[in-house]
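# Breakdown of the fold
Take a look at the letters that make up each chain.
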Amino acid sequence: METILNGFIKASGLIVSLDPELYSIILLSLKVSGGAVLISSLAGIPLGAACALRRFPGRRSIVLLLNTFMGFPPVVAGLLIYLMLSRSGPLGFMGLLYSPTAMVIAQSVIVFPIVAGLSWSAAASVTPRIRETALTLGASGFAVDWRVISEARMQILSAVIAGFGRAIAEVGAVLIVGGNIAGYTRMMTTAIAMETGKGSFELAIALGIVLLLVAFFVNILLKLAQGGFSR
Amino acid sequence: MSLTVELHDVTRVYGKREALAGVSCRFLPGRVNVLLGPNGCGKTTLLRLAAFLEAPDVGKVVFSDGDLPVAPGVALMRRMTLVSQTPVLFNTTVFRNMEYGLQLRGGKEREIKSRVFDALELVGMGNFAGARAASLSGGEAQRVAIARAYALRPELLLLDEPSSNLDPEGGSVFEDVLRKLNEEQGTTVVIVTHNLFQARRLAHAAFFMYGGKMVEWGDATGFFNSPESALTSKFISGEMVF
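Rules and cut-offs
- Residues numbered from 1 in each chain as written.
- Chains lettered and ligands numbered in written order.
- Predicted model: local features only at pLDDT ≥ 70, side-chain atom pairs only at ≥ 80, totals over all residues.
- Helix = DSSP H or I, 4+ residues; strand = E, 2+ residues; numbered from the N terminus.
- Rg over C-alpha atoms; globule rule 2.2 N^0.38 Å.
- Buried ≥ 20, exposed ≤ 12 C-beta atoms within 10 Å, placed from the backbone.
- Contact = placed C-beta atoms within 7 Å.
- Nonpolar A, V, L, I, M, F, W, Y, C, P; charged D, E, K, R; others polar.
- Pairing = 2+ DSSP bridges.
- Axes fitted to C-alpha atoms, helices over the stretch in contact; angles between N-to-C directions.
- pLDDT = per-residue confidence, 0-100.
- Core = buried A, V, L, I, M, F, W, Y, C linked by C-beta atoms within 7 Å.

Turning our attention to the overall build of chain B. The secondary structure content of chain B amounts to nine helices and ten strands. For 242 residues, the compact-globule estimate of 2.2 N^0.38 gives 18 Å, and chain B sits close to it at 18 Å. Put simply, chain B has 242 residues, and 43% of those count as buried. For chain B, the share of sequence-separated contacts (at least 6 apart) that also reach a separation of at least 24 residues comes to 68%.

Glancing now at the interface of chain A and chain B. Listed by partner, the interface residues are 13 residues for chain A and 15 residues for chain B. Secondary-structure elements contributing two or more residues to the side of chain A that touches chain B are α6 (128-136) and α7 (142-151) of chain A. No other element matches α6 of chain A, which puts six residues into the side of chain A that touches chain B. Partitioned by chemical class, the residues of the side of chain A that touches chain B number five nonpolar, four polar and four charged.

Here the focus is the sheet that holds strand β8 (residues 188-192) of chain B. Residues and elements named next belong to chain B. Strand order in this open sheet of six strands is β6-β7-β8-β3-β9-β10, and the pairing throughout is mixed. In this open sheet, the two edge strands, each paired with only one partner strand, are β6 (80-83) and β10 (213-219). Strand-to-strand twist across the sheet, computed as the mean angle between neighbouring axes with direction ignored, equals 15°. Examined bridge by bridge, β6 and strand β7 (residues 156-160) share four bridges and lie parallel to one another.

With that settled, consider unusual backbone geometry. All names here are of chain B. Although it is not a glycine, F52 sits at a positive phi angle of roughly 65°. Structurally, the position occupied by F52 is in the loop between α1 (43-50) and β4 (58-65). Backbone geometry at R153 places phi at a positive 45°, although glycine is not the residue there. Inspection of the secondary structure assignment puts R153 in the loop between α5 (138-151) and β7. A tally of 17 C-beta atoms within 10 Å means that R153 is categorised as partly exposed.

What follows concerns the confidence of the model for chain A. Of the residues in chain A, 97% have a pLDDT of 70 or more, and the chain-wide mean is 91. Mean pLDDT values for the elements of chain A range from 80 in helix α1 (residues 2-16) of chain A up to 97 in helix α5 (residues 100-124) of chain A.

Before going further, it helps to examine the sheet that holds strand β5 (residues 68-70) of chain B. Residue and element names in this part refer to chain B. Strand order in the open sheet made by the four strands is β2-β1-β4-β5, with antiparallel pairing throughout. Every interior strand has two partners, whereas the edge strands, β2 (17-26) and β5, have only one. Averaged over all pairs of adjacent strands, the angle between their axes in this sheet comes to 30°, without regard to strand direction.

On to the pairing of strand β3 (residues 32-36) of chain B, then. Residue and element names in this part refer to chain B. Of all five residues in β3, five are buried; the element is thus mostly enclosed. Where burial is concerned, the two faces of β3 agree: the one with V32, V34 and L36 and the one with N33 and L35 are both buried. Looking at chain direction, β3 and β8 are connected through four bridges and run parallel. Residue pairing for β8: V34 is matched across the bridge by I191. Looking at chain direction, β3 and strand β9 (residues 205-210) are connected through four bridges and run parallel.

Counting residues in hydrophobic clusters, the biggest one holds 77 residues, and the most contacted among them are V34, A147, L158 and A206 of chain B. Sorting elements by how many residues they give to this core places α5 of chain B first, with eight residues. Apart from residues lying up to four places away in sequence, V34 of chain B is in contact with I191, T193, A199, L202, A203, A206 and F207 of chain B. Ranked by size, the runner-up nonpolar core spans 58 residues in total, among them C51, L175, M188 and L207 of chain A.

Attention shifts here to the pairing of β4 of chain B. All names here are of chain B. Here strand β1 (residues 3-14) runs beside β4; their pairing, made up of seven bridges, is antiparallel. Bridging across to β4, H8 finds its partner in K60. Where β4 meets β5, three bridges bridge the pair, whose relative direction is antiparallel. Residue pairing in the sheet places F63 in a bridge with V70 of β5. Here β4 hands over to β5 after two residues, with G66 in that stretch at a positive phi of 70°.

Here's what the structure looks like:
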């Protein structure tokens, strides 16, 4: 119990004193996860919306794949990206392994199905009467689709936030492709795992507190997006 | 001359049920056309076909302006609109709902604002422009839907029991709006209603449907005072129980 208490006291000191190591880890985590969510959203929202709003060959298969990969085990994703980026892999010539870029790619692979799948679900749940109303008011083509997507905007925002929550808390894939290199690819989750292993709880607890705070703010955003506070 | 719609031998089938069975008719341009009939007789299907929300399985839906045929497409769709029985408003403010169709038609901001507020005033919703659509009652939402249609100044207005959610005052406001559009803009109106009093008050021409077929239509006075069909007679006298 004393260890935990001491850990908390020292962790608070690290947070308050703006410890450079702590804050560089936090910043890298936010950059990597933010980048992955940005890429996943730019590709996933249009794909999810297209699957919900358009009829084209392979649409059902895409939705099935998205739903399947929403539960993609991060370590498996990490392993696949590792094999692709390793020196003997097809993309090995790019020299991306053990870099933040590799971690962004790995997290994107994990987050993309979540954002795309939830965006599909959001757009598909908009009543067909919205589409019909837009048509009767003179909308056509993309304007009708945009109206439907606008109606689903809160659920789509929730999808993005859920994706970010998954990315920031992810440890397996970034550990495999990033290598947890101090000052370069060390993220909050990988640092917590390593510091705990070393028995050095101060930094682990400080990072744990920050990670919890990030999760807390993500949750608040999620609730706000869903209008939970107005109910 | 006004835009109008006519059906040529139109059939529409849902599964095994024939919602429309070889319907042919022409709605009078620039007039208020009332479409009557019991539930399930095909009135709503007819309006949906006229609004391009569905396509006929057999037959043709044709639009004309005077003697000139009008080709289907976005330009035609922006000359008309439909108000349904249950109002559908977008999840945004009343003002944004109102300006949507006007923006699609490329209206200028100043003119859009003026039309929106005029229309809202007309239906007694002048103070609701900033309100969220989701916060409105059913009757208020229906008033906004009617105002939204009015603001578009459509040449062809399709109405599917638009006053069924309205209180007596709302119903009266709706009828005023409809007359104003018809008299001032020359809008062709096709309205489905179960309110026979309202039908008599508004109609220039009346149409009676039964079992997916157009049974009778004609000038409103003749239709209500001396219907030719026994079915029509039973319906407008209230004897038809369904």
